Every structure is written in structure tokens, then in C-alpha cells.
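# Structural features, examined
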Amino acid sequence: MTLYYVLQLLVLIGLVTTAAAVIWFKDLISAAIALGASSLILALQFYLLRAPDVAIAEAAVGAALTTAIFIFAIRSTDRTEGYR
Amino acid sequence: MKWKMSVIVRTVSDVMVVPIIVFGIYLILHGHLTPGGGFQGGAVVASATALLIVSNGALKDYKGDFSTMESAGLTFFFLLAFLGIVMGFAMFYNSLAGTGGIFGGTVMSGINPGYINTGGTVPLMNIVVGMEVIAALSLILWMMAKNSGMMEVEK
């Protein structure tokens, strides 16, 4: 049971860190990769909360597909954040 | 401009595509027994398409095939929904459960490991939803990659 709480704490720290990194990065491809990492940690949290169905969907859609689509979209626009 | 990764990345992703697709098809076929189902398995298989596009930078012209597959999946889903009315029950009624045909076995009572030949129309709907999700997400990825210049269409 102690392992469960330690894992919950690690997931919480990882989620807050990656979510802050998404806002902090000015390079949008780095932000998209950080969003994928945040999504993967969120999938681990869904698995720990005994929702493996949602965890599979979150890992497949959040970590793989939206990251790829964000990168495709960033390549056809600007790479850095800011107004022109 | 031709986008292509190194030969190590391309070889590893060509090898890893096979277990990813097999795992996605496992999730679709066992949707009524274990966690997963049509949407989750389809998203896993479509991530294999994303891996191929990102690593190779080129894919054949599958636009018409994906479009046909998506339309066929939706059509079969609605036909399975109306099968309940045709058999004399309400819409979406599970009219194939326990009739003895394909996916028509009877469910054992008590704790059992789970038999795949049960469920009636539920596994069939998982299969057609999986077809639809694979085709739709792969089509979105294909169009986004082609129009952003990350992928060139092979002849």
C-alpha cells in the first residue's frame, strides 16, 4: 500500500512538471513532446486508478496520435511561439 | 523535399509496426472480454501508421482505400444496428447472442477465463468500429502529413 502512495506522488510530481514544461517551452515542438509525456503519465494514473480501458485510449490517442498531428501542424507553420 | 530518418530508425520502426498492429487487432477482437474495444484497438493500429509516416517520410496513395474502409465500417455498423429490427426486436438489440452461430455461444456461469465465441453482435460491432477508427485516424494522419510537406506520396 505504501508503494501505491509513492507511485501516486511520483505521478503527481510528473504531471505538474510536464504541464509546466508545456507552458514554459518557447519551442513548440518541445512543447508538443512534453504534452505527449504528460499524456503518458496521465495514462499511468488512469491505470493506477483501475481504469485500464481509459488508459489504453489515453496512451494511444494522447501520446501517439495528437503528438504526430501537432508536429505535422507545427511544421507547416512557425516553430517558435510569438506574434508576427 | 524528402524527409527521411536514418536507416536504424527506419529498420526498427519497420520491425515494430508488426507487433503494434497485432496488439491492436488483439484489442479489437477481445473487446467484449478484456479492457479495450473498437476505438482503443483502432487508435493503436493508427499509431502504427503515424510511426511509418514519421520514420519513412513517404507512404503510398492509400487515400481511396482508407475512405472506402471508413464508409464500409459505418455502413456495417448501421446494418448491425438495424439487424435487431429485422429480427423482430428493438434497434441495437443483441439478437445474435446465444443462437449458436459465429460469436453466438452461450456464456458459462461462474468464474471462467472468458470465451471469445460469445457476445452476439457486440464483437461484430467492435470489429466494424475498429475498421472505421483505423481508416479515419489513418486518413487524418495521411492528409495532415501530405499537406504539411512531411510526407511525399509514393507512386
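To start, this report covers the structure provided alongside it. Keep in mind it's a predicted model, so treat the numbers as computed, not measured.

## A word on the overall build of chain A
On a plain count of helices and strands, chain A comes out with 3 helices and 0 strands. Overall, chain A shows an N-to-C arrangement of helices and strands of α-α-α. Expressed along its principal axes, the backbone C-alpha trace of chain A runs to roughly 50 × 25 × 10 Å. The buried share among the 84 residues of chain A stands at 26%. Long-range contacts, defined as pairs at least 24 residues apart, comprise 51% of the intrachain contacts of chain A with a sequence gap of at least 6.

## Some words on the overall build of chain B
Of regular secondary structure, chain B possesses 4 helices and 2 strands. Going from N to C terminus, chain B has its helices and strands arranged as α-α-β-α-α-β. Taking 155 residues into account, the globule formula puts the C-alpha radius of gyration at 15 Å, and chain B, at 19 Å, lies well above it. Principal-axis analysis of the C-alpha atoms places the extent of chain B at approximately 60 × 35 × 20 Å. The 155 residues of chain B split such that 32% are buried.

## Observations regarding the packing of helix α3 (residues 52–75) of chain A against helix α2 (residues 38–56) of chain B
Packing of α3(A) against α2(B) brings their axes to within 9 Å, and their N-to-C directions diverge by 25°. Taken together, the axes of α3(A) and α2(B) lie roughly parallel to each other. The interaxial crossing formed by α3(A) with α2(B) has left-handed handedness. Contact residues: A:Asp53, A:Ile56, A:Ala57, A:Ala60, A:Val61, A:Ala64, A:Leu65 and A:Ala68 in α3(A); B:Phe39, B:Gln40, B:Ala43, B:Val44, B:Ala46, B:Ser47, B:Ala50 and B:Val54 in α2(B).

## Considerations on the environment of B:Met69
Residues and elements named next belong to chain B. Here methionine 69 shows up in helix α3 (residues 63–86). Spatially, the C-alpha atoms of methionine 69 and asparagine 117 are 25 Å apart, while their sequence positions differ by 48 residues. Those residues in contact with methionine 69 that sit more than four places away from it in its chain are Met131 and Ala135.

## Overview of the interface of chain B and chain A
Contacts between the two partners involve 18 residues from chain B, matched on the other side by 14 residues from chain A. If one sorts the elements of the side of chain B that touches chain A by residue count, α2(B) sits on top with 8 residues.

## Comments concerning the environment of B:Met143
All names here are of chain B. With respect to the helices and strands, methionine 143 occurs in helix α4 (residues 121–147). The exposure class of methionine 143 is partly exposed, given the 14 C-beta atoms found within 10 Å. Note: C-alpha distance between methionine 143 and lysine 60 (83 residues apart in sequence) is 12 Å.

## So, unusual backbone geometry
Generally, phi is negative for residues other than glycine and the peptide bonds are trans, each holding for most cases. Even without being glycine, A:Arg50 reaches a positive phi, approximately 60°. Within the fold, A:Arg50 resides in the loop between α2 (28–48) and α3. A positive phi angle, near 65°, is found at B:Phe92, a position not held by glycine. Turning to its location among the elements, B:Phe92 is positioned in the loop between α3 and α4. Judged by C-beta crowding, with 14 C-beta atoms within 10 Å, B:Phe92 ranks as partly exposed.

Rules used throughout
Residues numbered from 1 in each chain as written. Chains lettered and ligands numbered in written order. Predicted model: local features only at pLDDT ≥ 70, side-chain atom pairs only at ≥ 80, totals over all residues. Helix = DSSP H or I, 4+ residues; strand = E, 2+ residues; numbered from the N terminus. Buried ≥ 20, exposed ≤ 12 C-beta atoms within 10 Å, placed from the backbone. Contact = placed C-beta atoms within 7 Å. Rg over C-alpha atoms; globule rule 2.2 N^0.38 Å. Axes fitted to C-alpha atoms, helices over the stretch in contact; angles between N-to-C directions. Parallel < 35°, antiparallel > 145°, perpendicular 65-115°, else oblique. Left-handed = near helix turned anticlockwise from the far one by under 90°.

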